[in-house]
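# Structural description and commentary
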Amino acid sequence: MKFPFLASIVSAGANPFQSLLKEINVNGETFHYFDIASFPEYRELPYSVRVLLESAVRNCDNFQVLEKDVRGILRWKQMKGTPSSEDELEIPFKPARVILQDFTGVPAVVDFAAMRDAVLKLGGDPDRINPICPSDLVIDHSVQVDFARSEDALAKNQDLEFERNKERFTFLKWGAKAFNNMLIIPPGSGIVHQVNLEYLARVVFQDAKKDGSVRMLYPDSVVGTDSHTTMINGLGVVGWGVGGIEAEAVMLGQAISMLLPEVIGYKLVGKLSPLVTSTDLVLTITKHLRQIGVVGKFVEFFGPGVSELSIADRATISNMCPEYGATVGYFPVDKNALEYLRQTNRADEKVRVIEAYLKATDQLRDFGNAEQDPVFTQIVELDLASVVTSVSGPKRPHDRVSVSEMQQDFRECLTNKVGFKGFAVPEAELAAEGTFSWTDGKTYTLKHGSVVIAAITSCTNTSNPSVMLGAGLLAKKAVEAGLKVAPYIKTSLSPGSGVVTYYLKESGVIPALEELGFNVVGYGCMTCIGNSGPLDDNVANTIEKNNLVCCGVLSGNRNFEGRIHPNTRANYLASPLLVIAYALAGTVDIDFEKQPIGARPDGSAVFLRDIWPTRQEIQAVEKQHVIPAMFRDVYEKVELGSPAWQGLNAPTGKLYPWDVASTYIKRPPFFDGMTRDLPTIGNIVNARALLNLGDSVTTDHISPAGSIARNSPAARFLSDRGLTPRDFNSYGSRRGNDDIMARGTFANIRLVNKLVPRPGPRTLHIPSGEEMDVFDCAQRYAGEGTPLIALVGKDYGSGSSRDWAAKGPYLLGIRAVIAESYERIHRSNLVGMGIVPLQYLPGQNAESLELTGQELFSIAIPANCKPHERITVSTDGGKQFEVIARFDTEVDLEYFRNGGILNYMIRKMID
């Protein structure tokens, strides 16, 4: 058998729903499919739930997926059809495939290699560690904006990418050979989610049976190790981000255990104004849904307004699903989606099969036909005509501000107390400014609000021809008006795929973009993930010397503190058009309606409205220049990679030859000392709080992906091994080495820990009263034999789905976290690492319980703990309080009892 692990998960005979297996003939070929539309309850199910149902029916083996699981999904209306429904049902879901990017893909392959070693050590067959679920890995997070504003920026950045990451890339190339069912898209190809949208997504799988006789049709579905995997929802593919740990289990054939979700119907009506963009729309929806509260829920879009949106527009909305908090932001497949498949060069015969299958199973949507509307838990509505030009910031993606109010809002943020909308700049320092000299011999001035980074970046927008071409047309009009961008502003253009560069060139807007400094700098996440590269020393020193609140403006989806650049305290998400506009203005402290964006050579004023293209102008250029041949030319050779990739000589063999001197790839200690028998679950006794944190602590706070600070424990570790700061690279690029990542845990310079007086990666060693780096303090506690916990507030672990945000705390010795609430993926990751996620009772938190974080904590964990069981926490001061064990399912508890999900999988392999 090609995949030996199948033998350990298949049991109990035939699928009980075998009678639903039907035939369909398309293009002269016969296909099989499960006729899920024959269930009487089917037409009331939301379209997203229909995908969950089909997966359960097709995979029902009465072992991993039970017949009662299918019956439970069919009861969705009774259980989740109204907001007052409180019944919970745990269901299994087996996605059709897994997608990874390299920052999370490297740790996954490292774990797989280490699992093979562990299985061998325990007497098993290491070759049983192989992906069963098709797994695509796109290398897109490694490239950094070191060089910008020059014709050779792209080549220089890509050369540096290979120089810094050669060891990682070689390791991944080994993984592609050593493991079955794994496709790797080489660096320089584009951003994972855009490549998924334009190339990898199937919409409907057309799998051949093992004997090659009859092919099986079923919906494409995916989980990914990046929270913005949801972008593919815009094409009608159900998918969402999971922790890297959970994704690894799915790759090995394990079903995801989830709660049957509520589905919020989001009705779109009306039409967008000719002057607004899809970015403005998604920022509006993000703020709206955050206010409603959709965490842990599905959002499904419907209504006649959906037909007004292109697939790229829908993908933009789905991309920011993590920012509005839902699990998915789903657009069912319609005729527009099928046309998009043809536009992106998917084979016409495959598209005909997709259409026939979706029609046969009532999964093809007509958004203008209200009779197709299913039942939803709750319906909310947005009139597209109400959307206005917007940005979001300065510290969170859902803090939308209309551009007409931007100047006033920024000025209020300057004086507001420190928080998500405040910097607490004293009145006497509001007029602070600093000057510096530039290479052109001129002197420039920076003030509060000065823009120093302007980046067209991130798959949120770079996948959308309308906003990319819109930016190009705006740039063209700006150049024609004689406008320029100040030379010290770090401008960059990082397309999400080669197709974008192709149509920007063909439409003739590249020269204007380059004239304004928006040269192509690389193909990857870049500034959006924090790979913005260094600012010029003159700029950075001026900001620091004068304590200025300077700004980054980017077309991304994340702007959390410390993520974009250490010197940009305010960061705003905006459309690519507004990125250029604010770069031209040089400041966010501007009212575009009243103040000119610049002046023509004759001195006459130029306003933003003078150079802003309409949707009609943009659509005319798009229709002419975005054609299937572009997608064919780019993607027919995408898997080959560059000559540099092809020249990498990877090791051979099923077991990886670890290099103990490597600072990139290291066998992790997660399975050291592991036995065949389950470990004993004991109480946590006399633990110290390593940190006492507030609300909205993101995975960027817990496990940064950006640059390694020169005074950090990770930097000291690398320096001790002979590396200079130039070679430190980023935390994200070193996720294959636990020594670096443990030292990088809670290393964010903006971390606010209540145990110490100032923000930064510091904490208090309680017994001694000494303030020290978080890692060093954890090491001292470990030497003293002291277990650790963390006290945190609401929405702990929001942001990117980052497995090291759970692995890192585990390596620091944290055995439990007590939070007011958790982000969905992060809670799952904690369980996956064997860390106990505990939650305060409603209305309680550390402050209301008068916890300082300096107590000793003891936590009684029952041997037969149940999902959501209340357990008791005691302190050395005699205080006791109850918390909820956030083991949400029995599967969560099984993982915990094994010491984590990967330990569980290893034991299954050797049974």
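Residues numbered from 1 in each chain as written. Predicted model: local features only at pLDDT ≥ 70, side-chain atom pairs only at ≥ 80, totals over all residues. Heavy atoms only, no water.

## Here we look at the overall build of the chain
From N to C terminus, the chain includes 32 helices and 34 strands. For 911 residues, the compact-globule estimate of 2.2 N^0.38 gives 29 Å, and the C-alpha radius of gyration of the chain, at 27 Å, lies within 12% of that figure. Seen through its C-alpha atoms, the chain measures out along the principal axes to roughly 85 × 75 × 60 Å. The 911 residues of the chain split such that 64% are buried. Considering only intrachain contacts with a sequence separation of at least 6, the fraction spanning at least 24 residues in the chain is 75%. (Helix = DSSP H or I, 4+ residues; strand = E, 2+ residues; numbered from the N terminus. Rg over C-alpha atoms; globule rule 2.2 N^0.38 Å. Buried < 20%, exposed > 50% of the residue type's maximum accessible area, 1.4 Å probe, protein only. Contact = heavy atoms within 4.5 Å.)

## A few points about the environment of A176
Counting through the fold element by element, A176 comes out in helix α6 (residues 153-178). Sequence spacing of A176 and A650 is 474 residues, and the spatial spacing of their C-alpha atoms is 9.8 Å. Ignoring sequence-local partners within four residues, the contact set of A176 consists of M182 and I184.

## Points about the pairing of strand β26 (residues 684-692)
Burial of β26 is extensive: 7 of the 9 residues sit out of reach of the surface. Taken together, the 3 bridges between β26 and strand β32 (residues 856-859) define a ladder with antiparallel strand orientation. Its bridge partner lying in β32, A687 is registered against F857. Where β26 lies against strand β29 (residues 788-791), 4 bridges are found, and the strand directions are parallel. Bridge assignment links A689 to a residue of β29, and that residue is I789. (Pairing = 2+ DSSP bridges.)

## Re the sheet that holds β26
Spatially, β26-β29-β30-β31-β34-β33-β32 is the arrangement adopted by the 7 strands of the closed barrel, whose pairing is mixed. Between one strand axis and the next, the sheet turns through 40 degrees on average, direction left out of account. (Axes fitted to C-alpha atoms, helices over the stretch in contact; angles between N-to-C directions.)

## A word on the packing of helix α5 (residues 102-121) against α6
In contact at an axis separation of 10 Å, α5 and α6 are set at 55 degrees when each is read in the N-to-C sense. With respect to α6, the element α5 is oriented oblique. Along this stretch, α5 crosses α6, giving a crossing that reads as left-handed. For the pair α5 and α6, contact is made by D102, F103, G105, V106, V109, V110, A113 and R116 and by R168, F171, L172, W174, G175 and A178, respectively. A breakdown of the residues in the contact of α5 with α6 according to their chemical character gives 9 nonpolar, 2 polar and 3 charged. (Parallel < 35°, antiparallel > 145°, perpendicular 65-115°, else oblique. Left-handed = near helix turned anticlockwise from the far one by under 90°. Nonpolar A, V, L, I, M, F, W, Y, C, P; charged D, E, K, R; others polar.)

## What to know about the sheet that holds strand β9 (residues 221-224)
Ordered by their spatial adjacency, 5 strands build an open sheet running β6-β5-β4-β9-β10, and the pairing between neighbours is parallel. The open sheet has two edge strands with one neighbour each: β6 (182-185) and β10 (238-241). When strand polarity is set aside, the average angle formed by the axes of neighbouring strands in this sheet is 20 degrees. The pairing of strand β5 (residues 135-138) with β6 spans 4 bridges and is classified as parallel. Counterpart to D136 in the pairing with β6 is L183. The sheet contacts of helix α7 (residues 192-200) involve β4 (97-101), β5 and β6, and relative to β4 the element is tilted by about 140 degrees.

## Regarding the side chain of R346
Considering the arrangement of structural elements, one finds R346 in the loop between α12 (335-343) and α13 (348-360). From its side chain, R346 meets the backbone oxygen of L197 in a polar contact 2.9 Å long. Here the side chain of R346 touches T344 through a polar contact of 2.7 Å, side chain to side chain. Those residues in contact with R346 that lie beyond four places of it in its chain are N196, L197, E198, Y199, L200, A201, Y340, L341 and V351. (Polar contact = N/O pair within 3.5 Å; in protein donor to acceptor, adjacent residues only side chain to side chain.)

## Quick word on helix α28 (residues 774-783)
Taken together, the buried positions of α28 are occupied by V774, F775, C777, A778 and Y781. One side of α28 carries all its buried residues, which in axial view fall inside an arc of 160 degrees. G785, located one to two residues past α28, shows a positive phi value of around 75 degrees. (Arc of directions from axis to C-beta.)

## As for the confidence of the model for the chain
Residues at a pLDDT of 70 or more form 98% of the chain, whose mean pLDDT is 93. Within the model, the stretch residues 1-12 combines pLDDT values under 50 with 29 contacts to residues more than four positions away or in other chains. (pLDDT = per-residue confidence, 0-100.)

## Digging into helix α9 (residues 278-292)
For α9, spanning 15 residues, the distance from its first C-alpha to its last is 21 Å, which sits close to the expected 21 Å at 1.5 Å a residue. What α9 keeps buried is the set S278, T279, D280, L281, V282, L283, T284, I285, T286 and L289. Taken from the residues just after α9, G293 is the one with a positive phi, measuring 95 degrees. (Expected span 1.5 Å × (residues − 1).)

## Side note on the pattern of salt bridges
Pairing is possible between side chains that carry opposite charge, provided their charged atoms lie close to one another. In the structure shown here, the tally under the stated rule is 54 salt bridges. E515 is the salt-bridge partner of K484, the closest N and O atoms lying 3.7 Å from each other. In this pair, K484 is assigned in the loop between α16 (465-480) and β21 (490-493) and E515 in helix α18 (residues 510-515), connecting sequence segments 31 residues apart. Since its relative accessible area comes to 62%, K484 is described here as exposed. The class of E515 is partly exposed, set by a relative accessible area of 48%. (Salt bridge = Lys/Arg side-chain N within 4 Å of Asp/Glu carboxyl O.)

## Focus: the pairing of strand β22 (residues 551-554)
Burial of the side chains of β22 extends over both faces: C551 and V553 are buried on one face and G552 and L554 on the other. Relative to β22, strand β20 (residues 451-456) runs parallel, the two sharing 4 bridges. Within β22, the position partnered with V451 by the bridge is C551. Sheet topology places β22 next to strand β23 (residues 570-573); 4 bridges connect them, and they run parallel. What sits directly across from V553, in β23, is Y572.

## Some words on the packing of aromatic side chains
Evaluated as defined, the whole model comprises 29 aromatic pairs. For the ring pair F93 and W240, a centre distance of 5.3 Å and an interplane angle of 25 degrees mean the geometry is stacked. Note that F93 is positioned in strand β3 (residues 90-93) and W240 in strand β10, a separation of 147 residues in sequence. Aromatic pair W174 and F179: ring centres 5.5 Å apart, planes at 80 degrees, arrangement edge-to-face. Pair check on accessibility: W174 and F179 agree, each one buried. Aromatic ring contacts, followed pair by pair, group F112, F171, W174, F179, Y656 and W658 into a single cluster. Stacked on the ring of F420, the Lys or Arg R396 has its end atom at 4.0 Å from the ring centre. Across from the ring centre of F607, 4.3 Å away, lies the NZ or CZ of R609, which sits over that ring. (Phe/Tyr/Trp six-rings, centres within 6.5 Å; stacked < 30°, edge-to-face > 60°. Lys NZ or Arg CZ within 6 Å of the ring centre and 35° of its normal.)

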